[in-house]
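# Examination of the molecular architecture
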Amino acid sequence: MQRTSFWLAFAAIAAVSFGANGSASASAIKQTKGDFEDKFRQLDEVLPTPNVYRSAAGEPGEQYWQQQADYQINVRLDEEKRRIDAKETIGYQNNSPYTLKYIWIQLDQNIFRNDSRAERSATFGSHPDTDLRGIDKPARISLGELRRQQFMTDNELGFAINNVENGEGQSLSFTIVGTNMRVDLAEPLAPGARTSLAIDFGFNIVEEDAVGARSGYEHFPDDAREGGNDIFLLAQWYPRVAAFTDYEAWTNKEFLGRGEFTMEFGDFEVNIDVPADHIVSATGVLQNPKQVLSKEQQRRLEKAKTADRPVFVVTEEEALENEKEGTSKRKVWRFAAENVRDFAWASSRKFMWDAKGYQQGGDVQPLVMAMSFFPKEGGDLWKKYSTESVIHTMEVYSRFSFDYPYPTSQSVNGPVGGMEYPMITFNGPRTELQEDGTRTYSLAEKRFLIGVVIHEIGHIYFPMIVNSDERQWTWMDEGLNSFLDGVAGREWDPSIPWGVEPRGIVDYMKSSVQVPIMTQSDSVLRLGPNAYSKPAAALNILREVILGRELFDFAFREYAQRWMFKRPTPADFFRTMEEASGVDLDWFWRGWFYSTDHVDISLDRVYKLRLDTQDPDIDWERRRQEQADKPVSFFVRRNEIEGRKTWVEMNPDVRDFYDENDRFTVTNKQRNAYQSFLEKLDPWERRVFDRAIAEDKNYYVLDFSNLGGLVMPILLQMTYADGTTEDYRIPAEIWRRNTKDVSKLIVTDKEVVSFAVDPNWETADVDIENNYYPRKIIPSRIEAYKSERGTDHISRDLMQEAKSKLKGDEDSDNDEN
Ligand SMILES: [Zn+2]
């Protein structure tokens, strides 16, 4: 569309088309048949149909059910063989309306078998440790990957299932299918009935550093004790009943390593038999402190409940003493946990243990014991920050969800970088031993510790209590949790980059290697940005930009409370957030969760319009002035400079009417037309018209284009001629009839000198350079560089290199660098 015709068309609309919407988008006309994509189409046709188990509001339905699985486990750790052997009894309550002929059990340790589906389907070149570099360069494999392969070849891994029987001692047949096992029941299990299974099992524990798992042992060869010491982290360590759900029946999709798991809630009693000098941390509450702790240690644990700073229950001196020797004696640590969906534990003679009571108040769990277990390698970093970070997490997360419902909340240092289980988390950061015997840590390691503790403790809320299914939808726990750990993190120290700022995801958002967030975990490309930072940034934007904190926080808390100790699906989250906030968000879920569109709104043009008075004596004079303001033809200017006279100037005697009157000359015919225009206006039209003429406001029309595809609100900032600014927020619905180009009329009293879209980087707009009108010069850098000589074989000076002496044991300078 040409500028002039638009200008005139608009002026006509503004002056005479009373009652019409002045911002009616002229660009809507551009849309052609077949071109239209409805980004505001309601999601209900994509989401599962609401039913008695899950309501249309996103709440648990009136007949919502879930199974219960209770466990009694006796486990023995064989430190020398690095093996556990155990017997578990599972009480299984069928709360579903279906009769079950078999029960599926998860055997996640089987992923470490050489013939596992995960191992056999691993591809070369796609893993960071392997790299296929092309025909002219060697492929690469890391020593770590070679170590992993060697470890898996050398060790017999995976579960040994020795026996499965029911409560009556009757042997049950079972079939192992990869990381799952089907146990056939002697009698079908009717709705409402309960049965029990007893399983004898054992397995060799993997070395975490070798295989990169979520649990395993870590060896410390340099400890004083002969042969060194280990830290053992045990998770996914017992045959666990697979979840049986209303939305998927048995969740027996094979474990491929990434999509973690969902479980049933139940009560646990676990007796852990370990060397007597070990300290054990586990899900739940220690039941027999008198048998495993000294009197002094029990007294310290009591004192910790009301302490201002963490109190050592097992001191560094005691841990160092334990570390020196070892023992053949054994102790059994007894733990109990109620209403948890999993159980994990850690054991080592290297652990010191600090604790501090978190006085939460309320009826549910007024006192929570925050505790940390770590070796000397954790050093001051752990002493100062681990337990305090645990408490800070609960303070912030509870505000967004519900009171922390469990009696303990623990952070354990070991080989796992970061992993969560109910009431217990594994966190990896360490200090560095220096030559002078001190231990120091980098700023990065400090941030890692605080960040990972907040993140993993946060997972106790999502998904350990709000029990989403990570094997299917990783973002439901990682994304929600990354969003909240960012909130908690910024309340701890905003100078730390928490990785959830909208600006932080723009490179990912515009990259071609991505899939929608709503993709099953194992098929996701680039899990970090897909399941963590993109959904976290999206929720940040939803909170800060779309809904505002009040509506978002209310709806999010509603979601958390509705689904506490229950199983939400994505539809339940989407529906609850929309239903509780009262704001249609289907376009938001579509754009951010179901598509790979990105945000790129461009402010292409701005027109400044002035309302015509229709009075020819005023309007035509204005147009004459506009004409005069335009540059004169350069050809004519040069002629003037040369002193060239025109024919008309040289022949003044033949001038006529048109030399005295220009095309803007007003005639009475036009004046009469103006009078008759005024007379034909109804009284209200006349009042409106006169007022608009008198006010003579500034009319701006802004042309926006949506280059990224994702429809979003337009956060506009106007800077006036007097230097003041004003924000003008346009909701996303502006794109509802045309998702590609829209125009917006903005009327101001003061003159605007510039417009900016999203000047505070709130929307993850990937190209901010097209957000300004007028455009800005882009500041950047240029570096001078020195050319390098080639380093290939024929460029080497072999004659000189051949003179190098062979290095012996004694140091000699290497002259080839
Ligand atoms: Zn996580």
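Here goes a summary of the coordinates provided. Residue numbers restart at each chain and count upward from 1, following the sequence in its written direction. Selection of residues for local features in this predicted model requires a pLDDT of at least 70, selection of side-chain atom pairs for listing and counting requires 80 or more, and totals for whole chains, interfaces and linings are taken over all residues. Excluding hydrogens and water, the side-chain values take into account all heavy atoms of the structure.

### Thoughts on the overall build of the protein
The numbering of helices and of strands both runs from the N terminus, where a helix is a DSSP run of H or I of at least 4 residues and a strand a run of E of at least 2. Within the protein, the regular secondary structure consists of 22 helices and 34 strands. A globule of 817 residues ought to have a C-alpha radius of gyration of about 28 Å, yet the protein, at 36 Å, is considerably larger. Dimensions along the principal axes, computed over C-alpha positions, put the protein at roughly 125 × 85 × 55 Å. Per-residue burial over the protein gives 50% buried out of 817 residues. Partitioning the contacts of the protein with sequence separation of at least 6, the portion at a separation of at least 24 is 75%. Computed with a 1.4 Å probe, the accessible areas rest on the Shrake-Rupley method; for each residue, only the protein chains presented here act as cover. Put simply, the protein shows about 40400 Å² of open surface, and 49% of that area lies on carbon and sulfur atoms. Positive residues here are Lys and Arg, negative ones are Asp and Glu, while His and the chain termini are left out of the count. Charged groups are reduced to one reference atom each: NZ for lysine, CZ for arginine, CG for aspartic acid, CD for glutamic acid. Measuring between centres, the 100 positive side-chain charges of the protein sit 2 Å from its 135 negative side-chain charges. Using C-alpha atoms as the atom set, the radius of gyration is obtained and then compared with a globule rule of 2.2 Å times the number of residues to the power 0.38. Each residue is assigned to one of three classes by its accessible area relative to the maximum for its type, calculated with a 1.4 Å probe on protein chains only: buried under 20%, partly exposed between the two thresholds, exposed over 50%. Whether two residues are in contact is decided by their heavy atoms, any of which lying within 4.5 Å being enough.

### Brief notes about the pattern of salt bridges
Where charged atoms from two side chains of opposite charge approach closely, those side chains can pair. Salt bridge, as used here, is a side-chain nitrogen of Lys or Arg placed within 4 Å of a carboxyl oxygen of Asp or Glu. Applying the stated criterion to the full structure yields 66 salt bridges. One salt bridge in this structure joins Lys376 and Glu323, with 2.6 Å as the shortest N-O distance. You can see Lys376 sitting in the loop between β22 (367-374) and α8 (379-400) and its partner Glu323 sitting in helix α7 (residues 316-324), a full 53 residues away along the chain. The same class applies to Lys376 as to Glu323, namely buried. In this structure, the salt-bridge partner of Lys697 is Asp749, at a minimum N-O distance of 3.1 Å. Taken together, the residues span a long stretch of sequence, with Lys697 in the loop between α21 (683-695) and β29 (698-706) and Asp749 in the loop between β32 (741-748) and β33 (752-757) at a distance of 52 residues. For Asp749, a relative accessible area of 61% puts it in the exposed group.

### Here's the deal with the packing of helix α12 (residues 527-547) against helix α13 (residues 549-563)
Relative orientation of the contacting elements α12 and α13 amounts to 135°, with a least axis distance of 7 Å. Between α12 and α13, the interaxial angle falls into the category oblique. In this structure, α12 uses Leu539, Leu542, Arg543, Glu544 and Leu547 to contact α13, whose residues at the interface are Arg549, Leu551, Phe552 and Asp553. Polar here means any residue other than Ala, Val, Leu, Ile, Met, Phe, Trp, Tyr, Cys and Pro, which are nonpolar, and Asp, Glu, Lys and Arg, which are charged; Gly is therefore polar. Of the residues contributing to the contact of α12 with α13, the split by class is five nonpolar, no polar and four charged. Here an axis means a line fitted to C-alpha atoms, over the contact stretch when the element is a helix, while the angle between two N-to-C directions is reported on a 0 to 180 degree scale. In these notes the angle categories are as follows: under 35 degrees is roughly parallel, over 145 is roughly antiparallel, 65 to 115 is roughly perpendicular, and the rest is oblique.

### Digging into the packing of helix α14 (residues 570-581) against helix α15 (residues 586-593)
Two numbers describe how α14 lies on α15: the axes approach to 10 Å, and their chain directions differ by 145°. Relative to α15, the crossing made by α14 is right-handed. In this structure, α14 uses Phe573, Phe574, Met577 and Glu578 to contact α15, whose residues at the interface are Asp586, Trp589 and Phe593. Residue classes in the contact of α14 with α15 are distributed as five nonpolar, no polar and two charged. Crossings are sorted by hand: turned counterclockwise from the far helix by less than a right angle, the near helix makes the crossing left-handed, and turned clockwise it makes it right-handed.

### Remarks on the sheet that holds strand β12 (residues 240-241)
The sheet built from four strands is open, its strands ordered β7-β8-β3-β12 with antiparallel pairing. Only two strands of the sheet have a single neighbouring strand rather than two, namely β7 (174-177) and β12. Being paired, for any two strands, means DSSP has found at least two bridges between them. As defined by bridge partners, strand β3 (residues 100-106) adjoins strand β8 (residues 180-189) across six bridges and the pair is classed as antiparallel. Bridge pairing links Trp104 to Arg182 in β8.

### What about the pairing of β33?
Of the strand pairs in this sheet, strand β30 (residues 714-720) and β33 are connected by five bridges, and their pairing is antiparallel. Considered in β33, the bridge of Leu716 is made with Val757. Note that β33 and strand β34 (residues 772-773) share two bridges and pair antiparallel. The residue bridging Ala756 from the neighbouring strand is Tyr772, located in β34.

### A few points about the coordination of the zinc ion
Donor atoms from the polypeptide that bind the zinc ion are His455 (NE2), His459 (NE2), Glu478 (OE) and Glu478 (OE), placed at 1.9 to 2.6 Å. Between the four donor atoms coordinating the zinc ion, the angles at the centre fall across 55 to 154°, so the site counts as irregular. Only nitrogen, oxygen and sulfur atoms count as donors, using a 2.8 Å cut-off from the metal that widens to 3.2 Å for Na, K and Ca. Water is left out, so coordination shells may look unfilled. Each donor residue of the zinc ion lies on one chain, and together they are spaced H-x3-H-x18-E. In this pair, His455 and His459 are both assigned in helix α9 (residues 443-461), four residues apart and thus about one turn of the helix distant. As far as the burial class goes, His455 and His459 line up, both buried. Tetrahedral means four donors with every angle between 85 and 135 degrees, whereas square planar (four donors) and octahedral (six donors) require angles over 155 degrees between opposite donors and between 65 and 115 for all others; sites fitting neither are termed irregular.

### A few points about the nonpolar core
In terms of nonpolar packing, the biggest core is built from 196 residues, with Trp237, Trp345, Trp353, Phe573, Phe588, Trp592 and Phe704 touching the most fellow members. When neighbours within four sequence positions are excluded, Phe588 is seen to be in contact with Ala538, Ile541, Leu542, Ile546 and Phe593. If you look at the next biggest cluster of nonpolar residues, it comprises seven residues, including Tyr607, Leu611, Tyr699 and Val701. In plain words, nonpolar cores are sets of buried Ala, Val, Leu, Ile, Met, Phe, Trp, Tyr and Cys residues tied together by side-chain atoms within 4.5 Å.

### Some thoughts on the side chain of Asp223
On the secondary structure map, Asp223 appears in the loop between β10 (216-220) and β11 (229-234). Excluding residues within four positions of it along the chain, Asp223 makes contact with Gly228, Asn229, Glu323, Lys350, Lys376 and Glu377.

### What to know about the packing of aromatic side chains
Any two rings among Phe, Tyr and Trp, with Trp reduced to its six-membered ring, count as a pair given centres within 6.5 Å; such a pair is stacked if its planes are under 30 degrees apart, edge-to-face if over 60, and tilted if neither. Under the criterion given, the structure shown has 57 aromatic pairs. Here the aromatic rings of Tyr421 and Phe426 are separated by 5.7 Å at their centres, their planes lie at 50°, and the arrangement is tilted. In this structure, Tyr421 and Phe426 share a single accessibility class: buried. The interplanar angle of 80° and the centroid separation of 4.8 Å between the aromatic rings of Tyr559 and Phe573 together place this pair among those described as edge-to-face. One end of the pair, Tyr559, is in helix α13; the other, Phe573, is in helix α14, and 14 residues separate them in sequence. Its relative accessible area of 0% is what places Tyr559 among the buried residues. Charge-over-ring placement is defined geometrically: NZ (Lys) or CZ (Arg) within 6 Å of the ring centre, and within 35 degrees of the ring normal. A cation over an aromatic ring shows up here: Arg240 above the ring of Phe261, its NZ or CZ 4.2 Å from the ring centre. Lying over the aromatic face of Trp620, Arg623 brings its terminal NZ or CZ to 4.9 Å of the ring centre.

Don't take any of this as a statement about function, it's just geometry.
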